[in-house]
Each structure stands twice: as C-alpha cells, then as structure tokens.
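For reference, the chains in residue letters:
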Amino acid sequence: VAELWERLEEINWRMNVFDEGSDVTKVNNSYPKPAAIAADTYRVIADSIHFNTLTHGAFDITVWPLIELWKKSAKRNTLPTEAEIREVKKALGSDKIALLSDHHVSVLHQETKIDLGGIAGGYAVDEAVRILREHGFLDFLIDEGGDLFLSGKNCEGKPWRIGIRHPRDPQEMMEVLVLSNQAVTTSGDYEQFYEIQNERWSHIMNPLTGYPPKSVVSATVIAPTTEEADALATALCVLDPRQGVDLINSLGEGFACLLIEQAPDEHWVRHESVRYPTIKKWKGRK
C-alpha cells in the first residue's frame, strides 16, 4: 500500500498543471527551448497525441489556453468573443508539440500550454493496478475521482456492479454495469461547469470549435485500461454522439460506451455501443 500511494503521489505532482514544479509546468514554461521531463510524463504525452489522432482532434491536451479563457470569461460573466476564441485556437493542436529524444518535449507556439487532466488520472489507476497485481492481489476496485478499474471479483465472489448516476439528478441511478478486469470512466458536466449569464456551460472544451459541448452531457466508456477509458470519455463528450459510438464500435472487443444527449426540446436521448454490459437499462425521461 505504501508503494502504491508513493507512486500515485509522484504522478499527481509530476503531471499536475497547477504544480509549479511539475513536468507539465516545465513544458508550459519552456518555449522556445525543449523541456526535459520524466519518462512516464513523456509517455503520457505521447499517448495523448495518439488519442488526438484517434478521435480526430476531439481529445487535445493543448486545450489549456481555452480553459483559461473560459475561466476568465466566467469570472466577468460574459461569453468569450469570437476574436478571443480565434486567437486562442492558434495555439491548440497536437502539431504544436514535438517529442524529442531523451524525454525532451518542445512546444512550437509561444501560447501553447498542455493539461494532462483528461488522461493522467487514468494512467495513475493503471499504475496502481500494476503494483497491486505485482504483489499478488487479483480482486480489487480502484476509484480515482471517477476513473475506475475493477479487477477480478467482489467480496461475494461475483463480478463488480457499478452504478452510473444521472447527470442532472444525483438521487437517480441511470445504469448498473457488471464488470470484471475492465476500466470504466464517466465524463460530463455533472459537478464541474461554468455559469455565464444564467446559462450552464460544461468545463470540458471542444478544441475544434473553441466552445464547451452542449449536446452530450454524460459519456461513459468501458475499456481494457483506465487511461483509454479516461481519454475516450473526454473525447466522446466533444464528438457528435453517433460519431462517438461509431468510434467505440470500431475499437473492437473490450470497448463499450453509453452517451446521454440532451436534445433541443430538453428530453434525454441515449446512444450505446454494440457491446454494452448492463443489467439495468435506463430508458430515459424528460
């Protein structure tokens, strides 16, 4: 347990955008010179670029300048201007990151800043899984702020049962999943969101438009690893629901998803992948 917590704390400070001594801060303050970072941070950045390509730009760790713009706008209770969004978008994109030898990373635009918040938690859970299994533990559940991995069986010797909360009603359970040796992550505007001029805006940013997504309010992804589930759940909040489901279906065995879309007339629409392990199915309501 001590080894596990030491590793989680190491990942937390090293990949934290708010920590002045983190690898992420080193990268964000490095322009125009390369930054030397740890091997694990380098790997997570490389994985992030892979997910950026896989999701056609929907998952993007260079979205931090956009997040900062919306935070400032929320404080003054006004929407960002189109000019502000256009300017910020110039610094976004995985093509603004260069992976160099010896774990060096270079940002290619002066305003480019990275944020690993959409993937580092999943990577941390996978590291915890590795450590526990190396020490002989096979049956356990790890929950890191909503990024879960369910190994083996529960205390009753059965597969784990995981509930998914309704995005607007904390007292309502949308689904119950039955999982073993899989990861599951749910992203959405459950608790983190901006309120500007009495309108709710998700904290998740669409790097392609510069605005928070308004359609998908909840994206649950099941995957072989928590890093995959974490990154894909973020991306599926951004993509068109049908495009997101098609992406998960294309990934094959071990991947599944449930998306909840808020239609223009305020009713809920569910979209699920072909492979979806549920024992209680929420049919949706207004």
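Residues numbered from 1 in each chain as written. Predicted model: local features only at pLDDT ≥ 70, side-chain atom pairs only at ≥ 80, totals over all residues. Heavy atoms only, no water.

A. Representation of the environment of Arg270 within the structure. Along the polypeptide, Arg270 turns up in strand β13 (residues 268-272). For the pair Arg270 and Ala219, spaced 51 residues apart in sequence, the C-alpha to C-alpha distance is 10.0 Å. Within the local environment of Arg270, its side chain forms a polar contact with the side chain of Glu175, the two groups lying 2.6 Å apart. There is a polar contact of 2.5 Å between the side chain of Arg270 and the side chain of Glu272. (Helix = DSSP H or I, 4+ residues; strand = E, 2+ residues; numbered from the N terminus. Polar contact = N/O pair within 3.5 Å; in protein donor to acceptor, adjacent residues only side chain to side chain.)

B. Highlighting unusual backbone geometry. A cis geometry characterises the amide bond from Tyr31 onward to Pro32, with omega recorded as 10°. The backbone of His56 sits at a positive phi, close to 55°, despite the residue not being glycine. You can see His56 is positioned in the loop between α3 (39-54) and α4 (64-76). With a phi angle near 55°, Asn181 is a residue other than glycine that sits in the positive phi range. Looking at where Asn181 falls in the secondary structure, it is placed in the loop between β7 (173-179) and β8 (182-188). Residue classification places Asn181 among the partly exposed positions, given a relative accessible area of 42%. (Buried < 20%, exposed > 50% of the residue type's maximum accessible area, 1.4 Å probe, protein only.)

C. The arrangement of the packing of aromatic side chains in detail. This model, assessed by the stated rule, comprises 5 aromatic pairs. Measuring from ring centre to ring centre gives 5.6 Å for Trp70 and Tyr211, while their planes differ by 70°; the resulting arrangement is edge-to-face. In this pair, Trp70 is assigned in helix α4 and Tyr211 in the loop between β10 (199-202) and β11 (216-223), connecting sequence segments 141 residues apart. Accessibility expressed as a relative area gives 22% for Tyr211, which makes it partly exposed. Aromatic side chains Trp201 and Tyr211 sit 6.5 Å apart centroid to centroid with 40° between the ring planes, which places their arrangement in the tilted category. Taken together, the residues Trp201 in strand β10 and Tyr211 in the loop between β10 and β11 connect sequence positions 10 residues apart. An aromatic cluster of at least three residues, connected via ring pairs, comprises Trp70, Trp201 and Tyr211. Here the basic side chain of Lys214 rests over the ring of Trp201, its NZ or CZ set 4.5 Å away from the ring centre. (Phe/Tyr/Trp six-rings, centres within 6.5 Å; stacked < 30°, edge-to-face > 60°. Lys NZ or Arg CZ within 6 Å of the ring centre and 35° of its normal.)

D. Structural context of the sheet that holds strand β12 (residues 256-262). In space, the 6 strands of this open sheet follow the order β4-β5-β8-β11-β12-β13, with antiparallel pairing throughout. Both outer strands of the open sheet, β4 (140-144) and β13, are each paired with one neighbouring strand and no more. Recorded for the sheet is a direction-independent mean angle of 10° between the axes of neighbouring strands. Sitting on the sheet, helix α6 (residues 120-134) is in contact with β4 and β5 (147-151), with an inclination near 155° to β4. (Pairing = 2+ DSSP bridges. Axes fitted to C-alpha atoms, helices over the stretch in contact; angles between N-to-C directions. Contact = heavy atoms within 4.5 Å.)

E. Quick peek at the sheet that holds strand β3 (residues 104-107). Spatial strand order, β1-β3-β2: 3 strands in an open sheet with antiparallel pairing. Across the chains shown, the open sheet's two edge strands, defined by having one partner strand only, are β1 (35-36) and β2 (97-100). Sheet analysis places β1 next to β3, joined by 2 bridges and oriented antiparallel. When the bridges of β3 are listed, Ala36 appears paired with His104. Across the sheet, α3 lies against β2 and β3, angled at about 130° from β2, the strand it touches most.

F. Local environment of the packing of α4 against helix α5 (residues 82-89). Put simply, α4 and α5 touch, their axes get as near as 9 Å, and they point 155° apart. In terms of orientation, α4 lies roughly antiparallel with respect to α5. Viewed along their axes, α4 and α5 form a crossing whose handedness is right-handed. Residues Pro65, Leu66, Leu69 and Arg76 of α4 form the contact with α5, whose own contacting residues are Glu84, Ile85 and Val88. In terms of residue class, the contact of α4 with α5 is made up of 5 nonpolar, no polar and 2 charged. (Parallel < 35°, antiparallel > 145°, perpendicular 65-115°, else oblique. Left-handed = near helix turned anticlockwise from the far one by under 90°. Nonpolar A, V, L, I, M, F, W, Y, C, P; charged D, E, K, R; others polar.)

G. Looking closely at the environment of His109. For His109, the position within the fold is in the loop between β3 and α6. Judged by relative accessible area, which is 24%, His109 ranks as partly exposed. Through-space distance from the C-alpha of His109 to that of Leu251 is 33 Å; in sequence the pair is 142 residues apart. Here His109 is in contact with Tyr31, Lys90, Ala91 and Lys96, once residues within four sequence places are set aside. Within polar-contact distance, the side chain of His109 engages the backbone nitrogen of Glu111 at 3.0 Å.

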